[in-house]
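Listed here are the chains, written in short residue letters.
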2 protein chains.
Amino acid sequence: MLQRLPAEPGMREEEVDTPALILDLDAFEANLDAMAARLAPTGAKLRAHAKTHKSPVIARLQMARGAVGQCVQKVAEAEILAWGGVDDILVSNEVVSPRKLARLAALSGIARVALCADDPAMIPVIEEAAEAAGRRLSVLVEIDVGPGRCGIAPGPEAVALAGRIAASPHLRFGGLQAYHGKAQHLRTPEERAAAIRHAADGTRHTLEQLRQQGLDCPIVGGAGTGSFPLELESGLWTEIQAGSYAFMDADYARNGTPPPFRQSLFVLAQVMSAPRGSGRAVVDAGHKALPTDSGMPLVHGRPGLIYGRPSDEHGTITAEGAALPAIGEKLRLVPGHCDPTVDRFDWYVGVRDGRVECVWPVAARGAMA
Amino acid sequence: MLQRLPAEPGMREEEVDTPALILDLDAFEANLDAMAARLAPTGAKLRAHAKTHKSPVIARLQMARGAVGQCVQKVAEAEILAWGGVDDILVSNEVVSPRKLARLAALSGIARVALCADDPAMIPVIEEAAEAAGRRLSVLVEIDVGPGRCGIAPGPEAVALAGRIAASPHLRFGGLQAYHGKAQHLRTPEERAAAIRHAADGTRHTLEQLRQQGLDCPIVGGAGTGSFPLELESGLWTEIQAGSYAFMDADYARNGTPPPFRQSLFVLAQVMSAPRGSGRAVVDAGHKALPTDSGMPLVHGRPGLIYGRPSDEHGTITAEGAALPAIGEKLRLVPGHCDPTVDRFDWYVGVRDGRVECVWPVAARGAMA
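Residues numbered from 1 in each chain as written. Chains lettered and ligands numbered in written order. Predicted model: local features only at pLDDT ≥ 70, side-chain atom pairs only at ≥ 80, totals over all residues. Heavy atoms only, no water.

K.L.:
Before we go on, may I ask you to explain the overall build of chain A in this structure?
P.N.:
Of regular secondary structure, chain A possesses 11 helices and 17 strands. Radius of gyration (C-alpha) of chain A: 22 Å, near the 21 Å computed for a compact globule of 369 residues. Reported as C-alpha extents along the three principal axes, the dimensions of chain A are approximately 75 × 45 × 35 Å. Across the 369 residues in chain A, those meeting the buried criterion constitute 63%. Long-range contacts, defined as pairs at least 24 residues apart, comprise 68% of the intrachain contacts of chain A with a sequence gap of at least 6. Working note: accessible area of chain A is about 12600 Å², and carbon and sulfur atoms make up 53% of it. In chain A, which carries 38 positive and 43 negative side-chain charges, the distance between the mean positions of the two groups comes to 2 Å. (Helix = DSSP H or I, 4+ residues; strand = E, 2+ residues; numbered from the N terminus. Rg over C-alpha atoms; globule rule 2.2 N^0.38 Å. Buried < 20%, exposed > 50% of the residue type's maximum accessible area, 1.4 Å probe, protein only. Contact = heavy atoms within 4.5 Å. Areas by Shrake-Rupley, 256 points an atom, 1.4 Å probe, with all protein chains shown as cover. Lys, Arg positive; Asp, Glu negative; His and termini not counted. Charge placed at Lys NZ, Arg CZ, Asp CG, Glu CD.)

K.L.:
Looking at this structure, I do not really get unusual backbone geometry. What am I missing?
P.N.:
Working note: non-glycine residues mostly have negative phi, and peptide bonds are mostly trans. Residues and elements named next belong to chain A. For the bond running from T18 to P19, omega is -10 degrees, close enough to zero to count as cis. Assignment of secondary structure puts P19 in the segment before β1 (20-24). Its identity as a non-glycine residue notwithstanding, A223 has a phi of 75 degrees, on the positive side. Within the secondary structure, A223 is located in the loop between β8 (219-222) and α9 (228-234). Located in the positive-phi region is R309, a residue other than glycine, with phi close to 45 degrees.

K.L.:
What am I meant to see in the environment of A40 of chain A here?
P.N.:
Residue position: A40 of chain A is located in the loop between α1 (25-39) and β2 (45-49). Given the relative accessible area of 61%, A40 of chain A is considered exposed.

K.L.:
How should the interface of chain B and chain A be read in this particular structure?
P.N.:
Between chain B and chain A, the contact holds 74 residues from the first and 74 residues from the second. Taken together, the two surfaces of chain B and chain A that pack against each other cover about 6000 Å², and 47% of this comes from carbon and sulfur. Here chain B and chain A share 18 salt bridges between them. In this structure, D17 of chain A and R103 of chain B form a salt bridge, with 3.6 Å as the shortest nitrogen-oxygen distance. Applying the counting criterion to the chain B and chain A interface returns 36 residue pairs in polar contact (both at pLDDT 80 or more). When residues of the side of chain B that touches chain A are traced back to their parent elements, those giving at least two are α4 (75-83), β4 (88-94), α5 (98-107), β10 (265-273) and α11 (338-342) of chain B. Grouping the amino acids of the side of chain B that touches chain A by side-chain chemistry returns 27 nonpolar, 16 polar and 31 charged. (Buried area = accessible area lost by both parts, 1.4 Å probe. Salt bridge = Lys/Arg side-chain N within 4 Å of Asp/Glu carboxyl O. Polar contact = N/O pair within 3.5 Å; in protein donor to acceptor, adjacent residues only side chain to side chain. Nonpolar A, V, L, I, M, F, W, Y, C, P; charged D, E, K, R; others polar.)

K.L.:
Help me out: how do you make sense of helix α3 (residues 56-64) of chain B in this one?
P.N.:
The α-helix winds at 3.6 residues per turn, so residues separated by three or four positions along the chain end up facing the same way. Residue and element names in this part refer to chain B. Within α3 the residues assigned to the buried category are P56, I58, A59 and Q62. One side of α3 carries all its buried residues, which in axial view fall inside an arc of 160 degrees. Sitting at the amino-terminal end of α3 is S55, which places a side-chain oxygen 3.2 Å from the backbone nitrogen of V57. Of the residues one or two after α3, G66 is the one with positive phi, at around 110 degrees. (Arc of directions from axis to C-beta.)

K.L.:
Would you mind going over the sheet that holds strand β5 (residues 112-117) of chain B with me for this structure?
P.N.:
Neighbouring strands of a sheet are bound in pairs by backbone hydrogen bonds; such pairs are parallel or else antiparallel. Residue and element names in this part refer to chain B. If you trace the eight strands once around the closed barrel, you get β2-β3-β4-β5-β6-β7-β8-β9, paired in parallel fashion. By the bridge criterion, four bridges tie β4 to β5 in an arrangement that is parallel. Opposite D88, over in β5, you have R112 as the bridge partner. (Pairing = 2+ DSSP bridges.)

K.L.:
Got a minute to help me understand the pairing of β10 of chain B in this structure?
P.N.:
Where a strand is regular, its side chains alternate between the two sheet faces. Residues and elements named next belong to chain B. Among the nine residues in β10, nine count as buried, and that is most of the element. Across four bridges, the pairing between β10 and strand β15 (residues 330-334) is antiparallel. Within the sheet, the bridge partner assigned to Q270 lies in β15 and is K330. Where β10 meets strand β11 (residues 281-283), two bridges bridge the pair, whose relative direction is antiparallel. Across the sheet, the residue bridging to V271 is V283, located in β11.

K.L.:
Just checking my understanding: could you explain the side chain of K74 of chain A for this structure?
P.N.:
Structurally, K74 of chain A can be placed in the loop between β3 (69-72) and α4 (75-83). As a buried residue without a salt bridge, K74 of chain A has its nearest oppositely charged side chain in D284 of chain B, at a separation of 4.8 Å. At 2.9 Å, the side chain of K74 of chain A forms a polar contact with the backbone oxygen of D284 of chain B. Residues in contact with K74 of chain A, not counting those within four places in the same chain, are V91, A367, M368 and A369 of chain A together with P19, D284 and E313 of chain B.

K.L.:
I'm lost on the packing of aromatic side chains in this one. Help?
P.N.:
Centre distance and the angle of the planes are the two values used to describe a pair of aromatic rings. Residue and element names in this part refer to chain A. Counting across every chain of the model gives 10 aromatic pairs over all chains. Look at F28 and F247: their rings are 6.2 Å apart centre to centre, the planes differ by 25 degrees, and that puts the pair in the stacked class. One end of the pair, F28, is in helix α1; the other, F247, is in the loop between β9 (239-240) and α10 (250-253), and 219 residues separate them in sequence. Residue class for F28 comes out buried when judged on its relative accessible area of 0%. What makes F247 buried here is its relative accessible area of 0%. Three or more aromatic residues joined by ring pairs make a cluster, and in this case those are F28, F247, Y348 and W360. (Phe/Tyr/Trp six-rings, centres within 6.5 Å; stacked < 30°, edge-to-face > 60°.)

K.L.:
Is there a simple way to explain the relation of the copies chain B and chain A in this structure?
P.N.:
One copy of the chain maps onto the other through a rotation about an axis plus a displacement along that axis. Each copy of the sequence occupies a distinct position, and chain B is placed on chain A by a rotation of 180 degrees and an axial shift of 0.0 Å, giving an RMSD of 0.0 Å. Here the symmetry operator amounts to a two-fold rotation axis. Of the interface residues in chain B, 100% have counterparts in chain A that sit at the interface too, so the contact is made through matching surfaces. (Least-squares fit on C-alpha atoms with pLDDT ≥ 70 in both.)

K.L.:
Help me understand the sheet that holds strand β6 (residues 137-142) of chain A in this model?
P.N.:
Pairing in this closed barrel of eight strands is parallel, and the strands run β2-β3-β4-β5-β6-β7-β8-β9 (chain A) around the ring. Across the sheet, helix α8 (residues 189-212) of chain A lies against β7 (171-177) and β8 of chain A, angled at about 150 degrees from β7 of chain A, the strand it touches most. (Axes fitted to C-alpha atoms, helices over the stretch in contact; angles between N-to-C directions.)

K.L.:
Any chance you could explain the side chain of K51 of chain A here in plain terms?
P.N.:
Secondary-structure assignment places K51 of chain A in helix α2 (residues 50-53). Its relative accessible area of 14% is what places K51 of chain A among the buried residues. Within the structure, K51 of chain A has its side chain in polar contact with the side chain of D312 of chain B (distance 2.6 Å). Discounting residues that sit within four places of it in the chain, K51 of chain A has contacts with C71, Q73, E77 and D339 of chain A together with K288, D312 and E313 of chain B.

K.L.:
Which parts of the structure should I look at to understand the UniProt feature "domain: D-serine dehydratase-like" (unreviewed entry) in chain A?
P.N.:
In the numbering used here, UniProt assigns the feature "domain: D-serine dehydratase-like" (unreviewed entry) to residues 264-352 of chain A. From the first C-alpha to the last, residues 264-352 of chain A spans 11 Å; its make-up is 6% helix and 38% strand. (UniProt positions renumbered as here; feature names shortened; annotations may be inferred.)

K.L.:
When you look at the pairing of strand β16 (residues 347-352) of chain B in this model, what are you seeing that I'm missing?
P.N.:
Residues and elements named next belong to chain B. Most of β16 is tucked away, with six of its six residues classed as buried. Residues W347, V349 and V351 line one face of β16 and the alternating positions Y348, G350 and R352 line the opposite face, and both faces are buried. Note: strand β1 (residues 20-24) against β16, four bridges, orientation parallel. Paired with L23 across the bridge in β16 is G350. Where β16 meets strand β17 (residues 355-361), six bridges bridge the pair, whose relative direction is antiparallel.

Below is the structure:
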């Protein structure tokens, strides 16, 4: 509940309490600029995914560089963003609980909000929430373009759902949500290209049928850090929902031809034990600081050091052709997977040239409901 | 930062916002009672591990049943417990940062606090923090009884370290920390027995040498939910540091002859999508709600339903010989690993007979530093 600030502006990085979430501001800003520059000459806009950064501060930095708004996965995330000054938010996910729909409808009084649907049975429920709040909600149809998670089948079923939304007095058909999550981490460029070709086929097909039905489709949203150049190439997507590009992680680095962004996010950990003759050093960051769902973190800038064997609050460092770090040394670890790692911390510690420059809240940390 | 309460007392469980951390109060209280009854006729006391529950409320319920105090892994956890009225706290872990040592020494003004050391080089650093605060700190020597993580070798090295602590004017030799974490999840009773036999040998040997040196050893701490009957049997351990026994999880359930406690902890999730003809239902709890470091969660009380393919905010339910749940249905999931799962949530929702009875803060959630 009440977590102490891990650092203060002006401190040296090595003075920061560990484990801490470090944001290398030069790399981070370079990433924001690079994405803005990449999208500027295209017809597509960035709607950055806040499920990664969970921060109205970062959302506003992205929007100052041309992003049209933010995506979130949860109503609670939408609330934190809207309360923090973000005025255009898409819940790129289904919302089915009437209580959550009421919260979202209430939020539409202070921000432009939209959500997704993938089942006709939900439309009267969403309509009822919008009507009760006296609001008109924008609803996108999520189509399953390949990953096999949520989403209605592209084509006639999706078009019928769009028609049903458009015919609801308090709803507006907002467009198509066409995100291929699985494609982001396919290891070869060829696999990713094939996945997005398939996604584009289903999307194009659905767009044609919407046009035939006279249904205007204002947004086609989707794409992530691992695949967005492919979606751009198709010319179909109008909004790119990349999030990880701002931070990057060890899993993206394992993609063949990884995305052209710099690692800006680290977990700073400290060596707390180095048993004599054991060939290992133990750091104070384990499962609770560094989720391993996408593999182990990497030790940054220290070739030959390997992080492994995590337990709840410990990780073990071994060395190949390098000296083991000593008790008290601090190491920058590259998270295996940036999204759940950010969600473990209450604060970003922004660092430039070895000094803490800012401390920002991970304001939507834990905002799951 | 600001997470809304997921429930209010009196609500029915199915009204609770998801994902939510549900505590089945009947099972939970039965677990606390069972451990108290198991330890009562032995010479050992419970010093329950708060790294699992992160709650001063639960700590006090354990202490009301005879626990002598609590263990934690982090100084920040010790602070939250002490501020919440817990008066006897062992950091069962090394603390090496002078700032954290100063915080711990400061805390010793309102609670009895102790910590561990496993390296002679740290003793002057701990002594300095205690002296600066005008306090006397109790320091246990952590010995590596088998897991190969932190800890000094049992025997002469450990005894020399104990002597060094005892000779420091502001420190007191508090005893031995002899915890075999890895043994908790060894799958067969035979493997666990062999591991704890080894741990007991190293501990006995060190105790004998301490006695020969005239060093009194007030505490031998260690043991967890998966192994504690074995430590009790040895007669060496005076404090049992089990934590998971209060909740249990899917990983402990996979132990051959699992520990004799009931599953009391669940993550309540809601079906948010069930694409027609897909053979799956998608729930709103993924990596961010249910860490998978120790395997997948289980669906509770619904034979034939299987949770799998988690992504950040989604999990996929498939069915074998059972009907798939419909959109809107809520499912109790048994976490793969209780400790990091609790640490994902801000609130426990305590439920009895289908009704919310209490909402308790996971007060030390995220207390990693």
